[in-house]
Amino acid sequence: SCRLLFLLLHLLFLFFFSRCQFDTCRWEAGSGWKDSACQPPPTNMKEAMQIRVDPPGVTCGNPPERFCTLENPYLCSDECDASSPDLSHPPQLMGDRERGGLITYWQTVTWSNYPEPLLANITLSWNKSLEVVDDLVVSFEYGRPTSMVLEKSMDKGLTWQPYQFYADDCMETFGMPPKRVSELAPSNVTRVICTEQYSRWVGAKEEKTVVFEVGARLRVFAGPKLLNMDALYTRLQSSKALRDFFTFTNLRLRLLRPALGGTYVQRDNLLKYFYAISNIDVPARCKCNLHASRCALRDATLMCDCEHNTSGQDCQRCGAAFDSRNWMPGSFLPLPSGTANACMSGDSASAGVERTSQVVPPLNTSGVGPSLDVSGPTVPSVTRATSNINTDSQVFISDPVTPPPDKTDFCECSGHSNRCSFMDFLNVVTCVSCKHNTRGHRCQHCRLGYYRNDNLPLDHQDICVECDCDVAGSRSRQCATSGACQCREGTTGRRCDQCLPGYTWREGSSAKVCDEATPCQNGGTCVDFLRCECPDKFSGICRRERTSRLGVVAPLPRPPPRIGCSDTAGLGAGAPRGPAGSR
């Protein structure tokens, strides 16, 4: 009954989401036709997906082996044998159409090599940009994984990014606090979260599905019953980050730890631990940049049936002879029919032909089209890659899982802060209140007046060392990344607290008066290089005082004040600071 209710809700959602709006690229307007934004209808893309499983040999049956279930752990009479059609469980069974109530499923080998982890990657490929429109649902047999990650690629598998983390204990497994999609707000609806909702043991028969919740995210904008679709389309048009969040070319399931039956691993019976998937539903539509209302499978490749004089797999460029204006995606605005932004021919442009569709640039001209629907391709042959395994998958599966920033709740601040702020308009996370004299959006830099200690890891509390530049000997309190201060003339050392050859230290703004190179004259005595004790009628460096025309005694000009190291003949390198070598 729960399964039937889910299907009914799923159909109801697709009905609302695909109804009428943007389902045609041209419509009759008075005496002519008007171009409008359009997109293909949604469908279940499992019919067109290609499935690959890594690493090689993770599928059970070669060699044949017995297995049991968590609910009957000591009745190990079931067998997996790849050579037998009735006993084999190949990857294709994750995407087949089950008929007559018979459940078919893909299954892995058992966890016989425990404590080595039982890892598996399932890569789903379409070789085409798609837009997810409803919940992704993966149905497991014999228990849902204790931990797994759903990932997506937007460049046909070249790079990957997390979509969602799943674990029975998010904090212990991924270092992320658990969260539900229902807790998200419009400002952070694209947040990558970790959920415990689909990983805790409640029985293999009672709960089989693991869900990536798309509908709940859309309802944040369109309302609980999806009645305010205008608000959703307006938000999609204005936010490239939101459009990109629902866009993918490939999906990947990383299975990290099988179901344990609500207890610890029992080493005496490892035949009950494995993964088994019977179905994967991917409700989506072809992404055609609002330039097509149909998408078809041609030569095993999904292609948009492009309108508006556009061409390409995603209608991502102008067709031949229609390149007089730069290509642009269609726009959802103005509602209800949007703007086609059709390509124009050079003849039409030079002749001043006015098209019925007004050219309205989208709010984001990145070339990435809008948001959520799928096209209806015919059923292709689902293939399993048995050779040319992507080495990236094998490397990825062996690496530990490191989750990305989880916006507010999971802050990637290099261990120097546990607070961060999500700036929605930039789609950027920045750390707040960085400690240990750090700064930067990830607390990865040192504050001004500090430099990084390269001998310590970035998350060490003593990573940033104070420059401590000498006030008298340096030009600034700030230093280079090496810690070297900017020294005044005559000073040296990391802190600019030593003198170069030919210089001696002067405190503060004291002026150099006398030394061996500039001795006091007329029998005067040099006192601490700062003054001369002179006979009567002599001053300065003991020269005779001069009298002005007004009869006022005018002292001889004194040399300008010097700070730090002052010229002193005869002193060697590294001369001590102060008269006695200390300040």
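Remember, predicted model here, so these are calculated numbers, not experimental data.

(A) Molecular detail of the overall build of the protein. Each helix and strand counted, the protein has seven helices and 38 strands in total. Evaluated residue by residue, the protein yields a buried proportion of 47% over its 583 residues. Here the analysis covers contacts within the protein between residues at least 6 apart in sequence; of these, 65% occur between residues at least 24 apart. Accessible surface, the protein as shown: approximately 28,700 Å² in total, 51% of it carbon and sulfur.

(B) Molecular detail of the nonpolar core. By size, the foremost hydrophobic cluster in this structure holds 67 residues, and its most contacted members are Trp106, Ile122, Trp126, Leu253, Leu255, Ile277 and Ile280. If you tally residues by element for this core, the top one is strand 8 (residues 120–132), at six residues. In terms of domain composition, this core takes at least three residues from each of domain 1 (43–284) and domain 2 (288–344). Those residues within four positions of Trp126 in sequence are excluded, and the remaining contacts are Met45, Ala48, Met49, Phe248, Thr249, Asn250, Leu251, Val282 and Leu302. Of all hydrophobic cores here, the second largest spans 10 residues; its members include Leu119, Cys170, Phe174 and Met176.

(C) Region of interest: helix 3 (residues 215–222). Among the residues of helix 3, those classed as buried are Gly215, Arg217, Leu218, Phe221 and Ala222. An end-on view of helix 3 places all buried positions within 160° of arc, on one side of the element.

(D) Here's a closer look at the packing of aromatic side chains. The full count for this structure, using the stated rule, is 16 aromatic pairs. For the pair Trp111 and Tyr114, a centre-to-centre distance of 4.9 Å together with 90° between the ring planes defines the contact as edge-to-face. Relative accessible area serves as the criterion here: at 2%, Trp111 is assigned to the buried category. Classification of Tyr114 as partly exposed rests on a relative accessible area of 22%. In textbook terms, an aromatic cluster arises when at least three aromatic residues are bridged by ring pairs, as seen for Phe67, Tyr105, Tyr142 and Phe274. Seen from the ring of Trp160, Arg252 lies directly overhead, with NZ or CZ sitting 4.2 Å from the centre.

(E) Representation of the confidence of the model for the protein within the structure. Averaged over the protein, the pLDDT score is 78; the fraction of residues at 70 or greater is 74%. Contacts of residues 349–409 to residues separated by more than four positions or lying in other chains number 179 contacts, the stretch itself having pLDDT below 50. Below a pLDDT of 50 lies the segment residues 568–583, which in the model reaches 31 contacts outside its immediate sequence neighbourhood of four places, other chains included.

(F) Region of interest: helix 4 (residues 229–238). Met229, Leu232, Tyr233, Leu236 and Gln237 are the residues of helix 4 that are buried. Buried residues along helix 4 cover an arc of 130° about the axis, so they all sit on one side.

(G) Broad picture of the packing of helix 3 against helix 4. In contact at an axis separation of 7 Å, helix 3 and helix 4 are set at 105° when each is read in the N-to-C sense. Considering their axes alone, helix 3 and helix 4 lie roughly perpendicular with respect to each other. Contacts from Leu218, Phe221 and Ala222 in helix 3 reach Met229, Ala231, Leu232 and Arg235 in helix 4. Taken together, the residues of the contact of helix 3 with helix 4 break down into six nonpolar, no polar and one charged.

(H) Quick peek at the sheet that holds strand 13 (residues 209–212). Taking strand neighbours across the sheet as the criterion, the four strands line up as 7-15-9-13 in an open arrangement whose pairing is antiparallel. The outermost strands of the open sheet, each flanked by one partner alone, are strand 7 (106–107) and strand 13.

(I) Region of the structure containing the state of the cysteines. With the rule as written, the count across this model stands at 15 disulfides. Here Cys288 connects covalently by a disulfide to Cys304, the sulfurs 2.0 Å from one another. Across the disulfide from Cys288 to Cys304, rotation about the S-S bond amounts to roughly -85°, and the bridge is consequently left-handed. Highlighted residues: Cys288 in the loop between strand 16 (283–286) and strand 17 (292–298) and Cys304 in strand 18 (residues 301–306), separated in sequence by 16 residues. Each member of the pair Cys288 and Cys304 is classed as buried. A sulfur-sulfur distance of 2.0 Å marks the disulfide that ties Cys413 to Cys431. In this structure the cystine formed by Cys413 and Cys431 twists about its S-S bond by roughly -105°; its chirality is therefore left-handed. Taken together, the positions of Cys413 in the loop between helix 7 (391–398) and strand 21 (420–423) and Cys431 in strand 22 (residues 428–431) put the pair 18 residues apart, joining distant regions of the chain. The pair Cys413 / Cys431 is uniform in exposure class, with both members buried.

(J) Structural view of unusual backbone geometry. The peptide bond linking Asp54 to Pro55 adopts the cis configuration, its omega dihedral lying at -10°. Between Asn62 and Pro63 the backbone carries a cis peptide bond, its omega angle lying at 5°. Here Pro63 shows up in the loop between strand 4 (50–54) and strand 5 (65–67). A positive phi angle, near 60°, is found at Asn289, a position not held by glycine.

(K) Geometry of the environment of Asp78. In this fold, Asp78 is placed in strand 6 (residues 78–80). For Asp78, a relative accessible area of 32% puts it in the partly exposed group. In this structure, Asp78 is in contact with Glu65, Arg66 and Phe67, ignoring residues within four places of it in sequence.

(L) Expanded view of the pattern of salt bridges. Throughout the structure, instances matching the rule amount to 14 salt bridges. Note that Arg26 and Asp35 form a salt bridge whose closest N and O atoms lie 3.2 Å from each other. Measuring nitrogen to oxygen at the nearest pair gives 2.6 Å for the salt bridge that ties Lys128 to Asp314. Residue Lys128 is found in strand 8, and its partner Asp314 is found in the loop between strand 19 (310–311) and strand 20 (317–318); the two are separated by 186 residues along the sequence. For Lys128, a relative accessible area of 0% corresponds to the buried category. Several salt bridges converge on common partners, so that one network encompasses Glu151, Arg252 and Arg254.

(M) The arrangement of the environment of Val211 in detail. Structurally, Val211 can be placed in strand 13. For Val211 and Val138, which are 73 residues apart along the polypeptide, the C-alpha to C-alpha distance reads 6.4 Å. Contacts of Val211, omitting those with residues within four sequence positions, involve Asp135, Leu136, Val137, Gln164, Tyr166 and Tyr198.

So, how was this worked out
- Counting from 1, residues in each chain are numbered in the order their sequence is written.
- A pLDDT threshold of at least 70 governs which residues receive local features in this predicted model, and a stricter bar of 80 or more applies before side-chain atom pairs are shown or counted, although totals over entire chains, interfaces and linings include all residues.
- The basis for every side-chain value is the complete set of heavy atoms in the structure, and neither hydrogens nor water enter the calculation.
- Secondary structure elements are taken from DSSP: a helix is a run of H or I of four residues or more, a strand is a run of E of two residues or more, and numbering for both begins at the N terminus.
- Relative accessibility thresholds used throughout: buried, under 20% of the residue-type maximum; exposed, over 50%; partly exposed, between the two (1.4 Å probe, protein chains only).
- Two residues qualify as a contact provided that any one of their heavy atoms is within 4.5 Å of a heavy atom in the partner residue.
- Methods summary: accessible areas were calculated by the Shrake-Rupley approach with a probe of 1.4 Å, and residue burial reflects only the protein chains presented.
- In plain words, nonpolar cores are sets of buried Ala, Val, Leu, Ile, Met, Phe, Trp, Tyr and Cys residues tied together by side-chain atoms within 4.5 Å.
- An automatic or database domain assignment provides the domain bounds reported here.
- The directions considered for the arc are those from the helix axis to the C-beta atoms.
- The rule is short: rings of Phe, Tyr and Trp, with Trp giving its six-membered ring, pair when the centres are within 6.5 Å, and they are stacked under 30 degrees, edge-to-face over 60, tilted in between.
- Counted as over-ring charges are cases with an Arg CZ or a Lys NZ within 6 Å of the ring centre that also lie within 35 degrees of the ring normal.
- Scored between 0 and 100, pLDDT is the confidence that the predictor attaches to each residue.
- Lines fitted to C-alpha atoms define the axes, with helix axes restricted to the stretch in contact, and inter-axis angles between N-to-C directions lie between 0 and 180 degrees.
- Reported orientations rely on four angle classes, namely roughly parallel under 35 degrees, roughly antiparallel over 145, roughly perpendicular from 65 to 115, and oblique for the rest.
- Amino acid classes used here: Ala, Val, Leu, Ile, Met, Phe, Trp, Tyr, Cys and Pro are nonpolar; Asp, Glu, Lys and Arg are charged; the rest, including Gly, are polar.
- The pairing criterion for strands is at least two bridges between them, as found by DSSP.
- Cysteine sulfurs are considered disulfide-paired once they come within 2.5 Å of each other.
- Should a side-chain nitrogen of Lys or Arg be within 4 Å of a carboxyl oxygen of Asp or Glu, the pair is scored as a salt bridge.

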